[in-house]
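# Chain and residue survey
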Amino acid sequence: AGNLPTNWVYRLPTEAEWEYACRAGTTNRFSYGDDPDYASLTNYAWYMDNSGGISQDIGQKLPNPWGLYDVHGDVYEWCQDWYDAYPTGLAVDPQGPSSGFLRVFRGGSWAYGGQFCRSAGRYNLDPTLPENFVGFRVVAAPSP
């Protein structure tokens with residue numbers, strides 16, 4: 001629509017960008033706290049226990065501290081990175097391989113339990129498979 005600045009693009013977030021945005025400056029299991037019994041998760045996410053078995057309209061749950069909705073649940077979200085094991089030791093913004101068969105997705109989903117909604121949850125899937133529990137969130141970023 002002509003609203004993107006010159007030399008900027010829309011793209012999927014990297015895995016590290018996705019987790020940074022989900023956590024919103026926190027270090028807990030969820031952006032709102034550790035919640036070991038998932039007692040507060042229903043306030044922030046759609047997942048198996050409260051979704052009715054379908055995805056929901058966005059923005060009905062509470063946002064994370066940075067105002068992002070549905071990062072802990074509704075549909076998992078594709079990331080730009082192809083899946084590989086994390087490197088050993090400390091890694092800041094680890095990059096996956098440049099190609100692959102399995103792509104990383106993060107977040108939580110209406111089709112799975114609360115334990116899969118954590119900020120650090122990391123999963124992979126063949127992106128050519130037609131799945132209705134995975135979606136995407138784009139970022140605007142300078143062109144590479």
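What counts, and where the lines are drawn
- Residues numbered from 1 in each chain as written.
- Predicted model: local features only at pLDDT ≥ 70, side-chain atom pairs only at ≥ 80, totals over all residues.
- Heavy atoms only, no water.
- 1 Å grid on protein atoms, 1.4 Å probe; cavity = no way out; pocket = protein on both sides within 12 Å on 5 of 7 lines; lining within 4 Å.
- Points joined across faces, edges and corners; volume = space filled by probe spheres on them.
- Helix = DSSP H or I, 4+ residues; strand = E, 2+ residues; numbered from the N terminus.
- Nonpolar A, V, L, I, M, F, W, Y, C, P; charged D, E, K, R; others polar.
- Buried < 20%, exposed > 50% of the residue type's maximum accessible area, 1.4 Å probe, protein only.
- Pairing = 2+ DSSP bridges.
- Phe/Tyr/Trp six-rings, centres within 6.5 Å; stacked < 30°, edge-to-face > 60°.
- Lys NZ or Arg CZ within 6 Å of the ring centre and 35° of its normal.
- Contact = heavy atoms within 4.5 Å.
- Patch = residues over 30% accessible without salt bridge, like charges linked within 9 Å, V, L, I, M, F, W, Y side chains within 5 Å.
- Areas by Shrake-Rupley, 256 points an atom, 1.4 Å probe, with all protein chains shown as cover.
- Salt bridge = Lys/Arg side-chain N within 4 Å of Asp/Glu carboxyl O.

## Description of the layout of surface pockets
Space inside the largest pocket adds up to approximately 220 Å³. As for the largest pocket, its lining consists of Glu15, Ala16, Glu19, Tyr20, Tyr86, Ala91, Val92, Asp93, Pro94 and Arg106. Sorting elements by how many residues they give to the lining of the largest pocket places helix α1 (residues 15-23) first, with four residues. The residue inventory of the lining of the largest pocket, partitioned by class, reads six nonpolar, no polar and four charged.

## Some details on the pairing of strand β3 (residues 103-106)
Burial along β3 is two-sided: the residues Arg103 and Phe105 and Val104 and Arg106 are all buried. In terms of strand pairing, strand β2 (residues 76-82) meets β3 through three bridges, oriented antiparallel. Counted as the bridge partner of Trp82 is Arg103 from β3. Pairing geometry for β3 and strand β4 (residues 122-125), over four bridges, is antiparallel. What sits directly across from Phe105, in β4, is Tyr123.

## Regarding the packing of aromatic side chains
Taken as a whole, this structure holds 13 aromatic pairs when the rule is applied. Ring plane angle 55 degrees and centroid distance 5.4 Å describe the contact between Tyr76 and Tyr123, whose orientation is recorded as tilted. Of the two residues, Tyr76 sits in strand β2 while Tyr123 sits in strand β4, which places them 47 residues apart along the sequence. Per residue, the accessibility class of Tyr76 equals that of Tyr123, and both read buried. Taken together, Tyr76, Trp78, Phe105, Tyr112, Phe116, Tyr123 and Phe133 form an aromatic cluster joined through their ring pairs. If you follow Lys61 out to its NZ or CZ, it ends over the ring of Trp46, 4.1 Å from the centre.

## Concerning the environment of Val9
The residue Val9 is located in strand β1 (residues 8-11) in this model. Residues Val9 and Ser143 lie 134 residues apart in sequence; the distance between their C-alpha atoms is 5.7 Å. When near neighbours in sequence (up to four residues on either side) are disregarded, Val9 contacts Leu4, Val139, Ala140, Ala141, Pro142 and Ser143.

## A word on empty space enclosed by the protein
Summed over the entire model, instances satisfying the criterion amount to one cavity of 30 Å³ or more. Of the voids in this model, the largest cavity is the one considered here, and its volume is about 30 Å³. For the largest cavity, the full set of lining residues is Ser31, Tyr44, Leu62, Pro63, Asn64, Leu68, Tyr69, Asp70, Val71 and His72. Of the residues belonging to the lining of the largest cavity, the class tally is six nonpolar, three polar and one charged.

## Some words on a nonpolar patch on the surface
On the surface, Tyr10, Phe136 and Val138 cluster together to form a nonpolar patch covering roughly 360 Å² of accessible area. Considering the arrangement of structural elements, one finds Phe136 in the loop between β5 (134-135) and β6 (139-142). What makes Phe136 exposed here is its relative accessible area of 59%.

## Comments concerning the environment of Glu131
Considering the arrangement of structural elements, one finds Glu131 in the loop between β4 and β5. Overall, Glu131 belongs to the partly exposed group, its relative accessible area being 32%. The spacing of Glu131 and Asp93 is 38 residues in sequence and 28 Å in space, taken between C-alpha atoms.

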